[in-house]
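Examining the three-dimensional arrangement
Residue-level listing of the chains:
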Amino acid sequence: MVHRVAVIGAGPSGLTSIKACLEEGMEPTCFESSDDMGGLWKFKEVSEPNRASIYRSLTINISKEMMCYSDFPIPSDYPNYMHHSKILNYFRMYADHFKLLKYIRFQTLVKSVRKAPDYSRTGRWEVLTEKKDGHEERHVFDAVICCSGHYTYPNLPLKDFPGIETFEGKYLHSWDYKGPEDMYGKRVVVIGIGNSGGDIAVETSRVAEQVYMSTRRGAWVIRQVSDNGLPVDMKYNTRFVHILFQLFPINFFNWFGEKKLNAMYDHTMYALKPKHRLFSQIPVINDDLPMKILSGAVIIKPNVKEICGCTVVFDDGSTVEKVDTIVFATGYNYDFPYLPKKAMYKSGHRVGLYKHVFPPTLEHPTLAVVGFIHALGAIMPQAEMQARWVTRVFKGHKKLPSSQSMIKAVEKDTRNIEKSYIVSKLTPLQVDFVSYMDEIAGDIGVRPSLLWLFFTDYPLFKRVFWGPVTAYQYRLMGPGKWEGARRAIFTQFDLYYSSFICAVILMHRFKATFFL
């Protein structure tokens, strides 16, 4: 029987894993290598090796109702799209409310996780940790949850850029970027058109002489602000839309979505049009990039062919001279260096994990990975759902299929991912947010029953079916049911509007104070 659980990492996945362990009556110990919680969302002026890093201005591109944990709504006065500092404050409130801090050991690095001598009989693991002062300690746990994230190891493919050794300016990875202070009056090339690349190009263009953005494949660019000023995820991430995707061919939605995006700004004219269809890859979410392209502050260029001193040559033969800075927004590699190599295996480009959580080749289901998932949605509710399932399995309430069955499921899942999405070494997996949440929720027993709600609580049914698929829906029934879930669903749009009301009140208070 699992009782003592090691949780590796105190970011958003680690925090909800601690809570899930406590809810199942287990004793978690969380090891965090840094001096604070928050993981990716803990900003530091200097990037630290083997840890996630963000820039000073980062604002999340998922609205607050779609990113919060299922039983802890974000305060009403917080904006709909939050700066990283407010996200970290939310995590602090979450940890304080559920009394999680006392289970975290800060400045403690996990060096290795190995099977205990009695693993074949007990499924236990031996965890070697190292404190900041170099002191090592060995622990034995009944189970381990890995929550170390996948934005830790920057991918800097210098070998793909002939002549980089001749570059006379400065180059850096987006992992090292903190702000545009060093870009004043400079000529900047940003390589890569993901969300970080788009943010950095927009921000540096406000102070640089000129910014060029190089992209190999192009990208579909969507806005955070949708029809009637609603956050785009609250508008379209609904069960009604999800059912439509299951009823009609994906090519219809590709055609319809691309037409709608091109009506706002023609992706061909803006040199953004990608080689893939809209729903084959997660789009770039950036409201400002099209305007920066339209104003000439950002110029889109194709892939870099070579670098000659301070001149960058592109695949179409065009050149940019006197380049001062190159920013590589070229993604991240993933790794679990503390785990035994035999614990993981590759399936296509991705790690072979059953439902993206459990290694299927292990003798005992006592090792899990939480938060290693990629969808058009926030990691917080997905990691929370995974953690709830993991702890139910650890506790023995849920049983996994045989190893052979899980391996077959992993291979089938990999084939489906490769068929539906554009995947690579850097983007090894993608899932549909609602489908994945519902699948794991079904395993736990917390997936909302639309038919039951239709006959027993029609007002709630309407909000669950037509409204955004917020995490509150997975607290309406089953294990971990939260009495506040129904009210949270009924008031989720009130919380969206209230952030505007609070902003207006603060503005009026400021004016009153100023004129006094």
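Source: prediction; values computed, not measured. (Residues numbered from 1 in each chain as written. Predicted model: local features only at pLDDT ≥ 70, side-chain atom pairs only at ≥ 80, totals over all residues. Heavy atoms only, no water.)

Direction vectors running N to C along helix α7 (residues 239–247) and helix α14 (residues 458–466) enclose 55 degrees, while the axes themselves pass 5 Å from each other. Between α7 and α14, the interaxial angle falls into the category oblique. Residues R239, F240 and I243 of α7 pack against V464, F465 and W466 of α14. Of the residues that constitute the contact of α7 with α14, the class distribution is five nonpolar, no polar and one charged. (Axes fitted to C-alpha atoms, helices over the stretch in contact; angles between N-to-C directions. Helix = DSSP H or I, 4+ residues; strand = E, 2+ residues; numbered from the N terminus. Parallel < 35°, antiparallel > 145°, perpendicular 65-115°, else oblique. Contact = heavy atoms within 4.5 Å. Nonpolar A, V, L, I, M, F, W, Y, C, P; charged D, E, K, R; others polar.)

Reading across the sheet, the three strands line up as β4-β5-β6 and stay open at both edges, with antiparallel pairing between neighbours. Of all the strands in the sheet, just β4 (108–115) and β6 (136–141) have a single pairing partner and so form its edges. Each strand of the sheet is rotated relative to its neighbour by a mean of 25 degrees, with strand direction disregarded. Summarising the sheet, β4 and strand β5 (residues 125–131) pair through seven bridges and their orientation is antiparallel. (Pairing = 2+ DSSP bridges.)

Right, let's get into the nonpolar core. Within the largest apolar cluster, 132 residues are counted, with the highest numbers of intra-cluster contacts made by M67, F358 and F394. If you tally residues by element for this core, the top one is helix α10 (residues 379–395), at eight residues. Residues lining this core come from more than one domain, with at least three contributed by each of domain 1 (4–151 + 333–445) and domain 2 (156–330). Counting 14 residues, the second-largest nonpolar core is a separate cluster that includes I191, I307, V320 and I326. (Core = buried A, V, L, I, M, F, W, Y, C linked by side-chain atoms within 4.5 Å. Buried < 20%, exposed > 50% of the residue type's maximum accessible area, 1.4 Å probe, protein only. Domains from an automatic or database assignment.)

Quick look at the domain arrangement of the protein now. Note: interface size is frequently given as the accessible area lost on complex formation between the parts. When its domains are assigned, the protein resolves into domain 1 (4–151 + 333–445) and domain 2 (156–330). With centres defined by C-alpha atoms, the gap from domain 1 to domain 2 works out at 29 Å. With 36 residues of domain 1 at the interface, the matching set in domain 2 holds 28 residues. Across the domain 1 to domain 2 interface the summed buried area is about 2600 Å²; carbon plus sulfur atoms make up 51%. Across the domain 1-domain 2 interface, the total number found is two salt bridges. With a shortest N-O distance of 2.7 Å, E181 and R56 are connected by a salt bridge. Secondary structure elements with two or more residues in the side of domain 1 that touches domain 2: α2 (64–67) and α12 (433–444). Ranked by the residues each element gives to the side of domain 1 that touches domain 2, the list is headed by α12, at four residues. For the side of domain 1 that touches domain 2, the class distribution of residues is 19 nonpolar, nine polar and eight charged. (Buried area = accessible area lost by both parts, 1.4 Å probe. Salt bridge = Lys/Arg side-chain N within 4 Å of Asp/Glu carboxyl O.)

Another point: the state of the cysteines. Under the criterion given, the structure shown has zero disulfides. Among the cysteines around C21, which has no disulfide bond, C147 carries the closest sulfur, lying 8.8 Å off. (Disulfide = S-S within 2.5 Å.)

Once that is clear, we can look at the pattern of salt bridges. A full pass over the atoms with the stated rule returns 30 salt bridges. The closest approach of N and O atoms between E130 and K111, which form a salt bridge, is 3.8 Å. Note that E130 is positioned in strand β5 and K111 in strand β4, a separation of 19 residues in sequence. Close ionic contact of R138 with E126 constitutes a salt bridge, the shortest N to O distance being 3.3 Å.

A few words on the environment of I18. Examined against the element boundaries, I18 turns out to sit in helix α1 (residues 12–23). We classify I18 as buried; its relative accessible area is 0%. Along the backbone, I18 and A263 are 245 residues apart, and their C-alpha atoms lie at a distance of 46 Å. With sequence-adjacent residues up to four places away left out, I18 is seen in contact with V7, P28, C30, L100, Y103 and I104.

For the coordinates displayed, the defined rule picks out 36 aromatic pairs. On the basis of an interplanar angle of 35 degrees and a centroid distance of 4.6 Å, the ring pair of F240 and W466 is categorised as tilted. In this pair, F240 is assigned in helix α7 and W466 in helix α14, connecting sequence segments 226 residues apart. We classify F240 as partly exposed; its relative accessible area is 31%. (Phe/Tyr/Trp six-rings, centres within 6.5 Å; stacked < 30°, edge-to-face > 60°.)

The subject of this paragraph is the sheet that holds strand β7 (residues 143–146). Overall, parallel pairing links the five strands, which are arranged β3-β2-β1-β7-β22 in an open sheet. Edge positions in the sheet fall to β3 (104–105) and β22 (367–369), since each has one partner strand and no second. Where strand β2 (residues 27–31) meets β3, two bridges bridge the pair, whose relative direction is parallel. In the strand pairing of β3, F31 is matched with R105.

What follows concerns the pairing of strand β1 (residues 4–8). For a regular strand, side chains alternate in direction, first toward one face of the sheet and then toward the other. Among the five residues in β1, four count as buried, and that is most of the element. Sheet topology places β1 next to β2; five bridges connect them, and they run parallel. Among the inter-strand pairings, I8 is bridged to a residue of β2, identified as F31. Crossover β1 to β2 through α1 is right-handed. Sheet topology places β1 next to β7; four bridges connect them, and they run parallel. Looking across to β7, one finds that V7 is bridged to I145. (Right-handed = clockwise from strand over helix to strand, strands pointing away.)

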